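Given next are the chains, with one letter for each unit.
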Amino acid sequence: MISLTINGKAHNVDVEPDTPLLWAIRENVGLTGTKYGCGVAQCGSCTVHVDGVAMRSCVTPVSSVAGKKITTIEGLAENGVLTKVQQAWIANEVPQCGYCQSGMIMAVAALLKDKPKPTDADINDAITNICRCGTFQQVRAAIHAAANA
Amino acid sequence: MNYVPKIDRRSFVIGTAAAGAGFSLGMSLPFGEAHAQQGTPELNAWVVVKPDDTVVVRIARSEMGQGALTGLCQLVAEELEADWSKVTWEYVDPRENVRRKRIYGNMNSTGSNAIRQSHDYVRRGGAAARQMLIQAAAAEWKVPASECTAANSIITHTPSGRKTSYGKVVNAAVKIEPPDPKSLTLKDPKVWKIAGKPIARLDTRAKVTGEQKYAADTQLPGMLNAAIKACPVRGGKVVSFDAAKVKGMKGVKNVLAVGGTAVAVVADTWWHAKTALDALPVTWDEGPGAKVSSATIEATLKEGLEAETPFIGNRAGDINAALAGAAKKVEATYAYPYQNHACMEPLNATARYTADKCEVWTSTQNAEAVLAAAVEASGLPFNNVEVTVVTAGGGFGRRARTDYVTQAVQIARQMPGTPIKLLWSREEDMTQGTYHPITMCKLTASLDANNNLTGLRMRISGQSILAGIAPERLDKGRDPATFQGLNAGGTEGQIGYDIPNILIDHAMRNPHLTPGFWRGVNNNQNAIYLECFIDEVAHAAGQDPLAFRRKMMAKHPRHLAVLNAAAEKADYGKPLPKGVFRGIAQQMGYGSYVAAVAEVSVSSDGLLTIHRIVGATDSGHVVNPASVERQIAGSFVYGLSAILYGGCTVKDGRVEQTNFDSYNSMRMAAMPKVESVLVPSGGFWGGVGEPTIFVAAPAVLNAIFAATGKRIRSFPLKDQGIRTA
């Protein structure tokens, strides 16, 4: 049993210590907003926050995050009020298929916490997620919109 | 894959196999009998209005990110005169389509067809529903229907000013005899209020909160999870596997052979299934494919460049005479590699099988093909199989295939009563693709003494998609789709140049990898071959590439207009900053005309920066300009990813690229600024999901030549000394 604090709620999950956090979140806790895309920390679809830092959960063993504060896409909005990033995503109509967007939004939320007014270069450095639909132009516009909201 | 018709609806399965390959079936009735479902206020197959005024539009095509869902709703709502804020939607159950004599027509979503091949009958569905609602109100008021109008889901009796809403009259309206669809006059797009506007997509909110359910998120009570590995060499078989080695591993419930070609582990969680599968010893009979490598494929294709072939795509004049009489000749050979779709949502399907029922939940581009695959794999009668379509995390042509559905049912059939979710690992997705076909092309051009292009000879050598997955659609052995964008005429993929002497033919050479439809399909390589070579010829003629093209396009005004639109928006001909260079390309396909101008710089050590791309599209009509702009930008990303970093190579019969670390995709830092120019000229309906991808690569490649003086003719660019940030 490993105790995970996800979106403010404690979960005791019966998994091996080396189980990737992604699968504990999806299969043991049942929160499916966090996505599997590659399993090797390449695509970023699985991005969550661990103590406020963006982490690729597909290569993060659960043993390394026990007792830490984990936030998934489902935990961003509070009482149904979407965050500035989510609102900017809607206003700029960022998602196409949407599968990568949970991870994209989590990565962006972490970036804006570090750098509230990121430059294009900051965005290029920090946001390395893959989107096969090719939403990057809208992602960039939405980041700037959220930063200026 | 070909479906062997073993079921009681033989014609259905055959029809679906054809549809699965992406061609229209040439039907159909827009709606037929109304009010089929008891208790549902269905005005016709496309439109339900509920007493609370909610409008439900039935969506027979697939939503995989391209926005067809919203566009189809806009078209129906426009004719219905619906209040857009009340519009919702639901997917069509593919069994309903069969039961109702294919009332929903083709449910396939490939070839950029979702809107362009169904706009007429869905609009007639909306128009018929509107007419019935108005008639119901008029009857209640005992006034002539001609005195009533409808707007925003409200019906008004103009002389008296009385009003009622759709929801209030719907129960009477469904009892009215539906009008003959042919009798309805559709609105002129010039007066559209909902269609044609950049209306917000209907499916955005759930995609930013994690609430959107994709097929991979399917959860059922008692469900187990399966991980699968097929023989890494396509065509190979399972000989044996040592299940005892992994059966004691945590969570493992079963170890199975699947269809003779794959092994699967079923466990409580997918992670346990995958962990055990990775530890499972398997002996494969790899078959003759194991001898194939990229080098053997290249040798085969090179042989095809010079071989005799009967498969001609476009012939005019006398190419041999033109070449013999040339003042100048230009010759080049290009090659385009295999590509994998790599949808972000890995392929998956959930199935529950019992002796008298098989249920499937999956994401697909072809719900009817899923149904057919499930019928065949389950061995159950058609009426005992149910398919639930779930939103897709990308498709790009891969989800037009149903191999993963067949596997899920084959697994579930071995564990009756237990729902099984089969999820492919990314590695399985990369190595068991239905790949963009590999081809080479030798091109020869003749110029006369005045540097006019007098002849073009193109020999394509390589793989046929239809031969691989839909051989029944070959034309006496010839694959007509090989010549996409190079055809002499027609509304699908017509070459944009008037060249007096031309011969384009195809030496079909089919390696063992399964080919498939990949966004843009054969236009991808054909546009590179033609548009980069035309650029080469323009330079050989000492002429500007745009001016050289324009001279040959007088008989192709739509191609020319869209090329001009791109050039104008890009300020073609005006000076660029030092070190920045332009490339241009145009092509026509899936009924639409597209052109692009790219602006790039290349550093002395090969760092490519794509600063800006202008993409122009004439799709005839535009249903949602915001969606079209996103399809243009997305097409650039998908097409450029392939040419920059993509390319699947083969060693010992296996695809060598196994994940995004070896099959990379464009990320933020390499994304150019995209500017879209929509120039719909009316009178026809073209697609938008794919066309821009054709010109993505050739525009950038021509710009790279302008920047470097080096013509790159084989890909990906990462293997040719060109990298991105």
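Small disclaimer: the values here were computed from a predicted structure and weren't measured.

Chemist: Tell me what's going on with the overall build of chain B, and back it up with residues and numbers.
Modeler: For chain B, the helix and strand inventory stands at 19 helices and 28 strands. Its C-alpha atoms give chain B a radius of gyration of 27 Å, within 12% of the compact-globule value 27 Å for 725 residues. Taken along its principal axes, the extent of the C-alpha atoms in chain B is 80 × 75 × 45 Å. Looking at chain B residue by residue over its 725 residues, the buried ones come to 66%. At a minimum sequence separation of 6, the contacts of chain B that also span at least 24 residues come to 77%. In the form shown here, chain B has an accessible surface area of approximately 24,700 Å², with 52% of it arising from carbon and sulfur atoms.

Chemist: Quick rundown of the sheet that holds strand 7 (residues 162-165) of chain B? Include the residues and the values.
Modeler: All names here are of chain B. Pairing is antiparallel in the open sheet, where 3 strands are placed in the order 5-6-7. Of all the strands in the sheet, just strand 5 (148-151) and strand 7 have a single pairing partner and so form its edges. Neighbour-to-neighbour, the strand axes of the sheet open up by a mean angle of 25 degrees, direction not taken into account. One ladder, built from 4 bridges, connects strand 5 with strand 6 (residues 154-157); its direction is antiparallel.

Chemist: Describe the sheet that holds strand 5 (residues 69-71) of chain A, with residues and values.
Modeler: All names here are of chain A. Judged by pairing direction, the sheet is mixed, and its 5 strands sit side by side in the order 2-1-5-3-4 without closing on themselves. Strands with a single pairing partner mark the edges of an open sheet, and in this sheet they are strand 2 (9-13) and strand 4 (53-56). Strand-to-strand twist across the sheet, computed as the mean angle between neighbouring axes with direction ignored, equals 40 degrees. In terms of strand pairing, strand 3 (residues 47-50) meets strand 5 through 2 bridges, oriented antiparallel. Paired with V50 across the bridge in strand 5 is I70. On the sheet, helix 3 (residues 101-114) packs against strand 3, strand 4 and strand 5 and is oriented at approximately 35 degrees with respect to strand 3.

Chemist: Outline the confidence of the model for chain B, listing residues and values.
Modeler: Reading predicted coordinates in detail is not appropriate for stretches of low pLDDT. Taken as a whole, chain B shows an average pLDDT of 94; of its residues, 95% reach a score of 70 or greater. Residue range residues 1-36 of chain B is modelled with pLDDT below 50. Its contacts to residues more than four positions away, or to other chains, number 97 contacts.

Chemist: So what about the packing of helix 3 of chain A against helix 5 (residues 136-147) of chain A? Which residues, and what values?
Modeler: All names here are of chain A. Closest axis-to-axis distance for the helix 3/helix 5 pair is 11 Å, and the angle between their directions is 35 degrees. The crossing of helix 3 and helix 5 is right-handed. Only F136, V139, I143, A146 and A147 of helix 5 make contact with helix 3, whose side of the interface consists of Q101, M104, V108 and L112. Here the residues of the contact of helix 3 with helix 5 sort into 8 nonpolar, 1 polar and no charged.

Chemist: A description of the environment of A507 of chain B should follow, citing residues and the corresponding values.
Modeler: Residues and elements named next belong to chain B. Among the structural elements, A507 can be located in strand 21 (residues 501-508). What makes A507 buried here is its relative accessible area of 0%. If we ignore the near neighbours within four places in the chain, the residues touching A507 are G304, T309, R459, I460, S461 and G462.

Chemist: Explain unusual backbone geometry to me, using residue names and the numbers behind them.
Modeler: For the peptide bond that leads from F715 of chain B to P716 of chain B, omega is 10 degrees, which places it in the cis range. Tracing the chain through its elements places P716 of chain B in the loop between helix 19 (691-708) and strand 28 (723-724). Of note, the phi angle at A41 of chain A is positive, near 60 degrees, even though the residue is not glycine. Locating A41 of chain A in the fold gives a position in the loop between helix 1 (21-29) and strand 3. With relative accessibility at 27%, the residue A41 of chain A sits in the partly exposed group.

Chemist: Help me get a handle on the interface of chain B and chain A, residues and values and all.
Modeler: In this complex, chain B contributes 60 residues to the contact, which on the side of chain A involves 51 residues. Note on chain B versus chain A: buried area summed over both sides is about 4,500 Å², and carbon and sulfur give 55% of it. Broken down residue by residue, the surface that chain B buries against chain A is led by M344, R630 and M668 of chain B, which jointly contribute 19%. Counting across the chain B and chain A interface gives 4 salt bridges. Here K250 of chain B makes a salt bridge to E16 of chain A, at a shortest N to O gap of 2.9 Å. Along the contact surface separating chain B from chain A lie 32 residue pairs in polar contact (both at pLDDT 80 or more). Within the residue set of the side of chain B that touches chain A, elements represented by two or more residues are helix 6 (205-209), helix 8 (270-279), helix 13 (426-431), helix 18 (625-644) and strand 27 (673-678) of chain B.

Chemist: Residues and numbers for the domain arrangement of chain A, please.
Modeler: All names here are of chain A. Assigned domains of chain A: these are domain 1 (2-75) and domain 2 (84-148). When each unit is reduced to the centre of its C-alpha atoms, the spacing between domain 1 and domain 2 is 21 Å. Counting residues at the interface gives 16 residues for domain 1 and 14 residues for domain 2. Buried area between domain 1 and domain 2, both sides added, is near 1,200 Å², and the carbon and sulfur share of it is 56%. The interface formed by domain 1 and domain 2 contains 0 salt bridges. Of all elements in the fold, only strand 3 and strand 4 reach the threshold of two or more residues within the side of domain 1 that touches domain 2.

Chemist: Kindly report on the nonpolar core, identifying the contributing residues and their values.
Modeler: Formed by 174 residues in total, the largest nonpolar core has its most connected members in W89 of chain A together with I528, L640 and I643 of chain B. Those residues in contact with L640 of chain B, other than ones at most four positions away along the chain, are I610, I613, Y645, M666, A696, A697 and V700 of chain B. If you look at the next biggest cluster of nonpolar residues, it comprises 89 residues, including V57, V258, V370 and F382 of chain B.

Chemist: Tell me what's going on with the packing of aromatic side chains, and back it up with residues and numbers.
Modeler: Think of a pair of aromatic rings as described by two things: how far the centres are apart, and how the planes are tilted against each other in angle. Evaluation of the coordinates by the stated rule reveals 14 aromatic pairs over all chains. Aromatic pair Y36 of chain A and W270 of chain B: ring centres 5.2 Å apart, planes at 45 degrees, arrangement tilted. You can see Y36 of chain A sitting in the loop between helix 1 and strand 3 and its partner W270 of chain B sitting in helix 8, one on each of two chains. On the accessibility criterion, Y36 of chain A (4% relative accessible area) is buried. Overall, W270 of chain B belongs to the buried group, its relative accessible area being 2%. Ring centres of Y590 of chain B and F694 of chain B lie 6.0 Å apart, and the angle between their planes is 50 degrees; this geometry places the pair in the tilted category. With a gap of 104 residues between them, Y590 of chain B in the loop between strand 22 (581-589) and strand 23 (592-602) and F694 of chain B in helix 19 connect regions that are remote in the sequence. For the residue pair Y590 of chain B and F694 of chain B, the accessibility class agrees, reading buried in each case. Aromatic rings pair up to connect W23 and Y36 of chain A together with W270 of chain B into one cluster. Above the plane of the ring of Y572 of chain B lies R582 of chain B, whose end atom (NZ or CZ) is 5.7 Å from the centre.

Thresholds, definitions, all that
- Residues numbered from 1 in each chain as written.
- Chains lettered and ligands numbered in written order.
- Predicted model: local features only at pLDDT ≥ 70, side-chain atom pairs only at ≥ 80, totals over all residues.
- Heavy atoms only, no water.
- Helix = DSSP H or I, 4+ residues; strand = E, 2+ residues; numbered from the N terminus.
- Rg over C-alpha atoms; globule rule 2.2 N^0.38 Å.
- Buried < 20%, exposed > 50% of the residue type's maximum accessible area, 1.4 Å probe, protein only.
- Contact = heavy atoms within 4.5 Å.
- Areas by Shrake-Rupley, 256 points an atom, 1.4 Å probe, with all protein chains shown as cover.
- Pairing = 2+ DSSP bridges.
- Axes fitted to C-alpha atoms, helices over the stretch in contact; angles between N-to-C directions.
- pLDDT = per-residue confidence, 0-100.
- Left-handed = near helix turned anticlockwise from the far one by under 90°.
- Nonpolar A, V, L, I, M, F, W, Y, C, P; charged D, E, K, R; others polar.
- Buried area = accessible area lost by both parts, 1.4 Å probe.
- Salt bridge = Lys/Arg side-chain N within 4 Å of Asp/Glu carboxyl O.
- Polar contact = N/O pair within 3.5 Å; in protein donor to acceptor, adjacent residues only side chain to side chain.
- Domains from an automatic or database assignment.
- Core = buried A, V, L, I, M, F, W, Y, C linked by side-chain atoms within 4.5 Å.
- Phe/Tyr/Trp six-rings, centres within 6.5 Å; stacked < 30°, edge-to-face > 60°.
- Lys NZ or Arg CZ within 6 Å of the ring centre and 35° of its normal.

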